[in-house]
Amino acid sequence: SVYPNPFNPSTNISYTLDSIDNINITVFDTLGNEMETLFDGYQGIGYHDISWVPAHYIPSGSYFIKISTSNNSIINKVTYIK
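The structure displayed is predicted, hence computed values, not measured ones. (Residues numbered from 1 in each chain as written. Predicted model: local features only at pLDDT ≥ 70, side-chain atom pairs only at ≥ 80, totals over all residues. Heavy atoms only, no water.)

Draft legend 1. Representation of the sheet that holds strand β7 (residues 73-80). The sheet built from 4 strands is open, its strands ordered β4-β3-β6-β7 with antiparallel pairing. The sheet terminates laterally at β4 (34-43) and β7, the two strands that pair on one side only. Pairwise comparison of adjacent strand axes, ignoring direction, gives a mean angle of 15° for this sheet. (Pairing = 2+ DSSP bridges. Helix = DSSP H or I, 4+ residues; strand = E, 2+ residues; numbered from the N terminus. Axes fitted to C-alpha atoms, helices over the stretch in contact; angles between N-to-C directions.)

Here it is in structure tokens:
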């Protein structure tokens, strides 16, 4: 889940892993351009939480947060309001 949404100044991304896996969490704009990588590495079993505080150069707007594992991908749409 991603909350709050819309957000300012940050949003929290929560997810649960059933096994140790390589995780990649990336933010894209609506044109598909990669804006920021929030995490890229291995994580263990269980509940995880990460925050996204957009860099100063990122404008207000809609973004997609993609969480990828070796077996699955989930995409959530968020709205950033400055």
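Draft legend 2. Highlighting the side chain of T11. Assignment of secondary structure puts T11 in strand β2 (residues 11-17). Within the local environment of T11, its side chain forms a polar contact with the backbone oxygen of Y3, the two atoms lying 3.1 Å apart. Leaving out residues up to four positions away in the same chain, T11 has contacts with V2, Y3, P4, I50, S51, W52 and I65. (Polar contact = N/O pair within 3.5 Å; in protein donor to acceptor, adjacent residues only side chain to side chain. Contact = heavy atoms within 4.5 Å.)

Draft legend 3. Quick look at the sheet that holds strand β5 (residues 46-52). Ordered in space as β1-β2-β5, the 3 strands form an open sheet in which the pairing is antiparallel. The two strands at the open ends of the sheet, each matched to only one other strand, are β1 (2-3) and β5. Inspection of the sheet shows β1 paired to β2 by 2 bridges, in the antiparallel sense. Residue pairing for β2: V2 is matched across the bridge by I13.

Draft legend 4. The nonpolar core, seen in detail. Core analysis: the biggest nonpolar cluster contains 18 residues, and I13, Y15, I25, W52 and I65 have the highest contact counts within it. When residues of this core are traced back to their parent elements, those giving at least two are β2, β3 (21-29), β5, β6 (61-68) and β7. Contacts of W52, omitting those with residues within four sequence positions, involve F7, P9, S10, T11, I13, V27, E36, L38, I58, Y63, I65 and V78. (Core = buried A, V, L, I, M, F, W, Y, C linked by side-chain atoms within 4.5 Å. Buried < 20%, exposed > 50% of the residue type's maximum accessible area, 1.4 Å probe, protein only.)

Draft legend 5. Inspection of the confidence of the model for the chain at higher detail. Averaged over every residue, the pLDDT of the chain is 95; the share at 70 or more is 100%. Across the chain, the secondary-structure element scoring lowest on mean pLDDT is β1, at 94, and the one scoring highest is β6, at 98. (pLDDT = per-residue confidence, 0-100.)

Draft legend 6. Representation of the packing of aromatic side chains within the structure. This model, assessed by the stated rule, comprises 3 aromatic pairs. Ring geometry for F7 against W52: centres 5.4 Å apart, planes inclined by 55°, an arrangement best described as tilted. Of this pair, F7 sits in the loop between β1 and β2 while W52 sits in strand β5, and the two are 45 residues apart along the sequence. In this pair, the class of F7 matches that of W52, namely buried. When the ring of F7 is compared with that of Y80, the centres are 5.2 Å apart and the planes differ by 25°; the resulting orientation is stacked. Remark: Y80 occurs in strand β7 and F7 occurs in the loop between β1 and β2; sequence separation between them is 73 residues. Take F7 and Y80: they sit in the same class, and that class is buried. Put simply, the rings of F7, W52, Y63 and Y80 pair up and form one aromatic cluster. (Phe/Tyr/Trp six-rings, centres within 6.5 Å; stacked < 30°, edge-to-face > 60°.)

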